[in-house]
Amino acid sequence: MILWAVIALVGMAALAWVFRFAGQSVTGNAPKFRDMPYGVAFGYVLGAAALLWLIWAYTQGRSSEQAIANKFFFLRIAIEGFILFAIAAWVFRVLGRSVGTAWSKKMFRSMPLTASFGILTIIIYAIFAIFAGVIAPYGQEQIIPGVAANIVPGGDPALGGDPEFYFGTDQIGRDILSRLIYGAQNTVGIAFATTLLAFFIGGTLGFLAATLGGWLDQVLSRMVDVLMAIPSLIFALLLMTIASVWAPQLGIPLTVFMVIIIAVIDSTRVYRLARAVGQNIVVMDYIEAAKLRGEGLGYLVFKEILPNATAPLLAEFGLRFCFVFLTIAALSFLGVGIQPPLADWGTMVRDLGGFVNYAQFAPLAATAPLLAAGAIALLTVAVNFVVDWMLHKSSGLKE
Amino acid sequence: MGNVLKIILQRLALGLLTLLIVSIVIFVAVNLLPGDFAQSILGQGATPEAVASIRADLGLDQPPVTRYFQWLGGVLQGDLGTSFAQANFASFTGTDSGATTVAQQIAPRFANTMFLAMVTAAIAVPFSIMLGVLAALYRNTVFDRATNIFTLSSISSPEFFLAYILILFLAVLNPIFPSLSNIFEGMAFSERLEKSMLPALTLTLVVTAHMMRMTRAAIINLLASPYIEMARLKGLSPMRVIVKHALPNALAPIINVIALNLAYLITGVVVVEVVFVYPGIGQLFVDSVKIRDIPVVQACCLIFATAFILLNLTADIMSILSNPRLRHPK
């Protein structure tokens, strides 16, 4: 194994040298090849080798021999998915460039493929989340009578599937596809509400601290310092322990506690940003003018400061949403987040996770937990791509 | 140098103060629980005498302030209290089952978690600095963009997704590493390393992106400075310019971000430890949360917060030490 790796590396090293030399001879010493460092030539060869290996693995995944096809099944799906997403993003960008207002056309023209992929994904998630009740074939808690549990995804009866339930059923016979769709509503919806709450708390307090200053600023800032000194997931888990005792006594669902806890913990980060941005705005002349006009505190915060702080807050909103979403998913995965019977991706991964170990013999069975985990990952990746692009754009397109 | 020492001492004092306040926050949070431990241990049908006896035993009949100082004093002497878990409860009723104190329960797991964090750091730090240097060297090429997309995707995926992907490819489809990290005492180092490889790789994927992007950004920031141009005009190769001239000056932000990511490692292990059943402090924490074993939860929380604050403090002090402008404030 190691011997083979060494041989392959030495072979590629030699090939890199040959590649550069051949390039120099064929192009008559064009600057590109003449000034090429050896490392770059090696990089090209390494990239080509990786590409060749992927193509080979893809053909293996389509092999007629079941054992080999099983082994490369996931790589095949990944490659197909990657190409499919790339094409979809490209088509979406082309559409965006030709349809719509002048402003949106201009926006799409300067957009990298990753950002258009992100926007497309967010739109699709939003549609699924809003219309979950219409799209999903079954209810999220519905145990369909007369249907077996643990139907394998894929819809092939020979492999233990059922065309009626293309994504299979879970351990007590609920339709996984429906639960995935409702998961968009629950997980994304709750994360979105939590982020909004965090922004409401953190933003208001941050702007207030920036505008009023003095002891309020001092007290709030020191409180935030202390809260930020405790790692957020740990603190959330500690508070959830306490909430899980209180929830049944007060008759309030645990999920409500979770939303409040995470919103408060995350609002500390929002507070920091809002206060910093606010302090830069408060010293402006127009704020002074508004104060001299005798405007009230509410007017100052919402009409003067907020509109001028939208851009950094919006980028922060995207990032914060990702953090909140991942925290909720992690809590649910650990079993203390969104509670059953609500369909939720984190819980689904925990419940179905064991199936990954059957991947070698029944690759389709192993897809169920990965679908739920992948649904989480896809959304956060998409939001991050969009935020990355927005930050890059607002930083003036420099390196 | 006296000036630096003063700043560092100030930071240390501030860190200790923060830690003290954090301990109060944790204590108050735990005391928000309705009822008390004695009641919840004995259940509904307990006689008042039994409850009172256990309360006296645990010191629960004292006022909260006294209890806080008792707890704090115990913690400072390494006594984290006694676990309330069902198995350990036996000692209160007289049937001794080798009940352990919280400290005994936590110590070996803490060592395991530190081991995992160190293995991860040993892989992730060189790897991400190398990637960052390469990305800065070949900025705005296909390589740079591919690295960017890869790291951005890995940092924004949930840890358990990365963990299951690694299990799928490196444990199930190609049995290279074991998917369960059942580590026990007296295990040979190589075996231990092999068993903790998959969790370490998962954590590496999680922390690499941040460190790599910081390295890249710090180096690119420096590339416009005159002394780099001088080095270029001397005819040095791009690699040499970056590694010998730019990297040493970019070390301050890089060290800072490494310390911050190590702080994340100590606390971010929770989910990864659960997926791989790694017997670390994170798993103990989650288990205790589920059975509401308050002393353990309290102690774990305090340990995590301490590690977090210490590493943040280190990052702070490092960046002061490496930046002359902060070292000699006006």
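Every value quoted in this text rests on a predicted model; they were computed, and no experiment measured them.

A. Looking closely at the overall build of chain A. Scanning chain A from N- to C-terminus turns up 17 helices and zero strands. For chain A, the spread of C-alpha atoms along the principal axes amounts to about 75 × 70 × 45 Å. Residue burial in chain A is summarised as follows: out of 399 residues, 38% are buried. Contacts in chain A between residues at least 24 apart in sequence constitute 66% of all its contacts with a sequence separation of at least 6.

B. The arrangement of helix α1 (residues 2-26) of chain A in detail. Residues and elements named next belong to chain A. Between its first and last C-alpha, α1 extends 35 Å over 25 residues, near the 36 Å set by a 1.5 Å rise per residue. For α1, the tally of buried residues reaches only two of 25 residues, placing the bulk of the element at the surface. Within two residues after α1, G28 carries a phi angle of roughly 65 degrees, on the positive side.

C. Molecular detail of the interface of chain A and chain B. Between chain A and chain B, the residue contacts involve 47 residues of the former and 42 residues of the latter. In terms of residue count, the dominant contributor to the side of chain A that touches chain B is helix α17 (residues 363-394) of chain A (12 residues). Along the lines of polarity and charge, the residues of the side of chain A that touches chain B split into 32 nonpolar, 12 polar and three charged.

D. Here's a closer look at helix α7 (residues 142-156) of chain B. Taking 1.5 Å of rise per residue, the 15 residues of α7 of chain B would be expected to cover 21 Å, and the 21 Å separating its terminal C-alpha atoms lies within 8% of that figure. Looking only at α7 of chain B, the buried set comprises T147, T151, S154, I155 and S156 of chain B. The inward-facing, buried residues of α7 of chain B contact α15 (310-334) and α17 of chain A together with α6 (102-137), α8 (159-173) and α10 (197-222) of chain B.

E. Here's a closer look at the environment of T367 of chain A. All names here are of chain A. As for its placement among the helices and strands, T367 is situated in helix α17. Judged by the 24 C-beta atoms lying within 10 Å of it, T367 is buried. Here the alpha-carbon distance between T367 and F74, two residues 293 residues apart in the chain, equals 8.5 Å.

F. Here's a closer look at the nonpolar core. Counting 177 residues, the largest nonpolar core has Y164, I266 and C300 of chain B as the members making the most contacts within it. Ranked by the residues each element gives to this core, the list is headed by helix α12 (residues 238-276) of chain B, at 20 residues. Apart from residues lying up to four places away in sequence, Y164 of chain B is in contact with G353, V356, P369, L370 and A373 of chain A.

G. Here's a closer look at the packing of helix α7 (residues 113-130) of chain A against helix α9 (residues 176-212) of chain A. All names here are of chain A. Two elements in contact, α7 and α9, have axes whose closest approach is 7 Å; the angle formed by their N-to-C orientations is 100 degrees. Relative to α9, the element α7 lies roughly perpendicular. Here Y125, F128 and A129 of α7 come into contact with α9, specifically with I181, A184, Q185, V188 and G189. Grouping the constituent residues of the contact of α7 with α9 by class yields six nonpolar, two polar and no charged.

H. Examining unusual backbone geometry more closely. Residue and element names in this part refer to chain B. The phi torsion at N140 lies on the positive side, around 60 degrees, for a residue other than glycine. Positionally, N140 belongs in the loop between α6 and α7. Residue V277 is not a glycine yet carries a positive backbone phi of 50 degrees. Structurally, the position occupied by V277 is in the loop between α12 and α13 (281-291).

I. Layout of the packing of α8 of chain B against α10 of chain B. All names here are of chain B. Relative to each other, α8 and α10 sit at 130 degrees, their axes nearing to 9 Å. Here α8 is positioned oblique relative to α10, judged by the angle of their axes. The handedness of the crossing between α8 and α10 is right-handed. Side by side, α8 and α10 meet where E159, L162, A163, L166, I167, L170 and A171 of the first sit next to L198, L201, T202, L205 and V206 of the second.

J. Summary view of the confidence of the model for chain B. Residue and element names in this part refer to chain B. Residues at a pLDDT of 70 or more form 85% of chain B, whose mean pLDDT is 79. Within chain B, helix α5 (residues 86-89) has the poorest average pLDDT of any element, 46, and helix α11 (residues 226-233) the best, 89. Note on residues 86-99: pLDDT under 50 across the span, and 15 contacts to partners over four residues away in sequence or across chains. Per the prediction output, this complex has pTM 0.84; the corresponding ipTM is 0.84.

K. The environment of T268 of chain A, seen in detail. Residues and elements named next belong to chain A. By the secondary structure assignment, T268 is in helix α12 (residues 254-282). Distance in space between the C-alpha atoms of T268 and I201 is 8.8 Å, their sequence separation being 67 residues. Setting aside chain neighbours within four positions, we find T268 in contact with G202, V224, L227 and M228.

L. Summary view of the environment of N280 of chain A. Note that N280 of chain A resides in helix α12. The class of N280 of chain A is partly exposed, set by 13 C-beta atoms lying within 10 Å.

Rules and cut-offs
- Residues numbered from 1 in each chain as written.
- Chains lettered and ligands numbered in written order.
- Predicted model: local features only at pLDDT ≥ 70, side-chain atom pairs only at ≥ 80, totals over all residues.
- Helix = DSSP H or I, 4+ residues; strand = E, 2+ residues; numbered from the N terminus.
- Buried ≥ 20, exposed ≤ 12 C-beta atoms within 10 Å, placed from the backbone.
- Contact = placed C-beta atoms within 7 Å.
- Expected span 1.5 Å × (residues − 1).
- Nonpolar A, V, L, I, M, F, W, Y, C, P; charged D, E, K, R; others polar.
- Core = buried A, V, L, I, M, F, W, Y, C linked by C-beta atoms within 7 Å.
- Axes fitted to C-alpha atoms, helices over the stretch in contact; angles between N-to-C directions.
- Parallel < 35°, antiparallel > 145°, perpendicular 65-115°, else oblique.
- Left-handed = near helix turned anticlockwise from the far one by under 90°.
- pLDDT = per-residue confidence, 0-100.

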